[in-house]
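Chain by chain, the residues:
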Amino acid sequence: MLTKFEEIFAELASRGAKKRMIAAWAVDGHTIAAASKAVDLGIVDATLVGDENMIKAECDKEGIDVNKFTVLHNPVELSAVTQAVTMVNQGMGDILMKGLCSTDKFMRAILNKETGLLPPKAVLSHVAVLENPNYHKLLLVSDMAVIPLPDLKQKTAILGYLVNTAHALGNAMPKVALIAATEQMLEGMPACVEAAILAKKVDRGQIRGCIADGPLALDVAVDKESVEIKKLVSPVAGDADCLLFPNIESANVFYKTNSKLAANVKQAGMVVGAKVPCVLSSRADSIDTKLNSIAIAAMSAK
């Protein structure tokens, strides 16, 4: 089981099989620098779709050899995003990456019924991976970016995506904590009820490939001392690999609290449920976060 991003990079390099990444409107320094590092590490072959003059200017500014990329000139942002998505849809790429374009434009292109990447009846979601020095292994988190208030069906899909991502990272039987405000089974709180239903479905083999328990409050999900103090008996509590949050607000706040108020946290994120993994990070995210996101997408790509 891989427990750090540096182990993920080492695993990808050892495989010697590069994935084909297409970056949409890749005209900013952070996207280009992350793609450059991924190419240098042997993770991907990268195609940058966007204004060629802007791409070359950023490469000159960052001291990057533009010739390590395939550059496809498209000077119109929305057209470049559509072109990148269409190329992936036509089998020309294994990973899609968002560049400087807005998340709205990126997602609309993915969801386009004619040229997009959404399989019939699929549910799009978002999985983040965190390496926090205060925790003993990687934490997978969902959904902090796509589904505002997932219903039980959508939570089932999100659970599947968390499990699949954990499997791709070498964890054959991940422990999933179904997060609520309390570990008590309170029937008046929908998050508690739905967490209990999901946990029971896992117990009965209706959802396979993981161990799950819920409802669990965040403290008992990740802190063994809290588990001992509360005398909680659980196969997941205190040692969770995955956190499934009840809504986008709680997941998003958790993710950003890690990024802004905790030191030395490493992060990554991708859209899942599409035909290929789609690297979706904020335009303000660091080069390292974008590089980490490329790495988890490469691990997950078929």
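Residues numbered from 1 in each chain as written. Predicted model: local features only at pLDDT ≥ 70, side-chain atom pairs only at ≥ 80, totals over all residues. Heavy atoms only, no water.

K.L.:
Just checking my understanding: could you explain the overall build of the chain for this structure?
P.N.:
Within the chain, the secondary structure is distributed over 11 helices and 11 strands. Here the chain has a C-alpha radius of gyration of 19 Å; the compact-globule value for 302 residues is 19 Å, and the two agree. Along the longest, intermediate and shortest principal axes, the C-alpha atoms of the chain span 60 × 40 × 35 Å. A burial count over the chain gives 55% of its 302 residues as buried. Sequence-distant contacts in the chain: of pairs separated by 6 or more residues, those separated by 24 or more amount to 71%. Accessible area for the chain stands at about 13,400 Å²; split by element, carbon and sulfur atoms hold 52% of it. (Helix = DSSP H or I, 4+ residues; strand = E, 2+ residues; numbered from the N terminus. Rg over C-alpha atoms; globule rule 2.2 N^0.38 Å. Buried < 20%, exposed > 50% of the residue type's maximum accessible area, 1.4 Å probe, protein only. Contact = heavy atoms within 4.5 Å. Areas by Shrake-Rupley, 256 points an atom, 1.4 Å probe, with all protein chains shown as cover.)

K.L.:
Whenever I open this one, the packing of aromatic side chains confuses me. Can you help?
P.N.:
Two measures describe an aromatic ring pair: the distance that separates the ring centres and the angle between the ring planes. All chains considered together, the criterion is met by one aromatic pair. Look at phenylalanine 245 and phenylalanine 254: their rings are 5.3 Å apart centre to centre, the planes differ by 35°, and that puts the pair in the tilted class. The pair phenylalanine 245 / phenylalanine 254 is uniform in exposure class, with both members buried. (Phe/Tyr/Trp six-rings, centres within 6.5 Å; stacked < 30°, edge-to-face > 60°.)

K.L.:
Whenever I open this one, the pattern of salt bridges confuses me. Can you help?
P.N.:
Any two side chains of opposite charge can pair, on the condition that their charged atoms come close. With the rule as written, the count across this model stands at 15 salt bridges. A salt bridge links aspartate 104 to arginine 108; the shortest N-O distance between them is 3.1 Å. Taken as a pair, aspartate 104 and arginine 108 lie in helix α5 (residues 103–111) at a separation of four residues, close to a single helical turn. For aspartate 104, a relative accessible area of 46% gives the class partly exposed. With its nearest N and O atoms 3.0 Å apart, the salt bridge here joins lysine 230 to aspartate 219. Of this pair, lysine 230 sits in helix α9 (residues 224–230) while aspartate 219 sits in helix α8 (residues 218–222), placing them 11 residues apart in sequence. Linked through salt bridges whose partners overlap, the residues forming this network are Lys137, Lys175, Asp239 and Asp241. (Salt bridge = Lys/Arg side-chain N within 4 Å of Asp/Glu carboxyl O.)

K.L.:
Explain the nonpolar core here, please?
P.N.:
A general tendency of soluble globular proteins is for nonpolar side chains to be buried together. Core analysis: the biggest nonpolar cluster contains 86 residues, and Ile8 and Leu96 have the highest contact counts within it. Excluding anything up to four places from it in sequence, leucine 96 contacts Ile22, Ala84, Val85, Val88, Phe106, Ile110, Leu117, Val276, Pro277, Cys278 and Val279. In this structure, Tyr135, Met144, Ala237 and Phe245 belong to the second largest nonpolar core, which totals 21 residues. (Core = buried A, V, L, I, M, F, W, Y, C linked by side-chain atoms within 4.5 Å.)

K.L.:
Sorry, what's going on with the sheet that holds strand β1 (residues 19–24) here?
P.N.:
Strand pairing in a sheet relies on backbone hydrogen bonds, with the paired strands running either antiparallel or parallel. With mixed pairing, 11 strands are arranged side by side in an open sheet as β3-β2-β1-β4-β11-β10-β5-β6-β9-β7-β8. Single-partner strands in this sheet number two, and they are β3 (70–73) and β8 (211–216). Relative to β8, strand β7 (residues 175–179) is paired through four bridges, and the arrangement is parallel. Residue pairing for β8: valine 176 is matched across the bridge by alanine 212. Relative to strand β2 (residues 44–50), helix α2 (residues 29–40) is tilted by about 160°, and along the sheet it contacts β1, β2 and β4 (95–98). Along the sheet, helix α7 (residues 190–203) contacts β7 and β8; its crossing angle with β8, the most-contacted strand, is approximately 165°. (Pairing = 2+ DSSP bridges. Axes fitted to C-alpha atoms, helices over the stretch in contact; angles between N-to-C directions.)

K.L.:
Mind showing me how you'd approach the packing of α2 against helix α11 (residues 287–300) here?
P.N.:
Close contact between α2 and α11 brings their axes to 8 Å; oriented N to C, the two are set at 50°. Judged by the angle between their axes, α2 and α11 are oblique. Considering only the axes of α2 and α11, their crossing is right-handed. Contacts from His30, Thr31, Ala33, Ala34, Ala35, Lys37 and Ala38 in α2 reach Ile287, Asp288, Lys290, Leu291 and Ile294 in α11. Taken together, the residues of the contact of α2 with α11 sort by class into seven nonpolar, two polar and three charged. (Parallel < 35°, antiparallel > 145°, perpendicular 65-115°, else oblique. Left-handed = near helix turned anticlockwise from the far one by under 90°. Nonpolar A, V, L, I, M, F, W, Y, C, P; charged D, E, K, R; others polar.)

Everything listed here is a matter of coordinates, which is why it stays silent on function.
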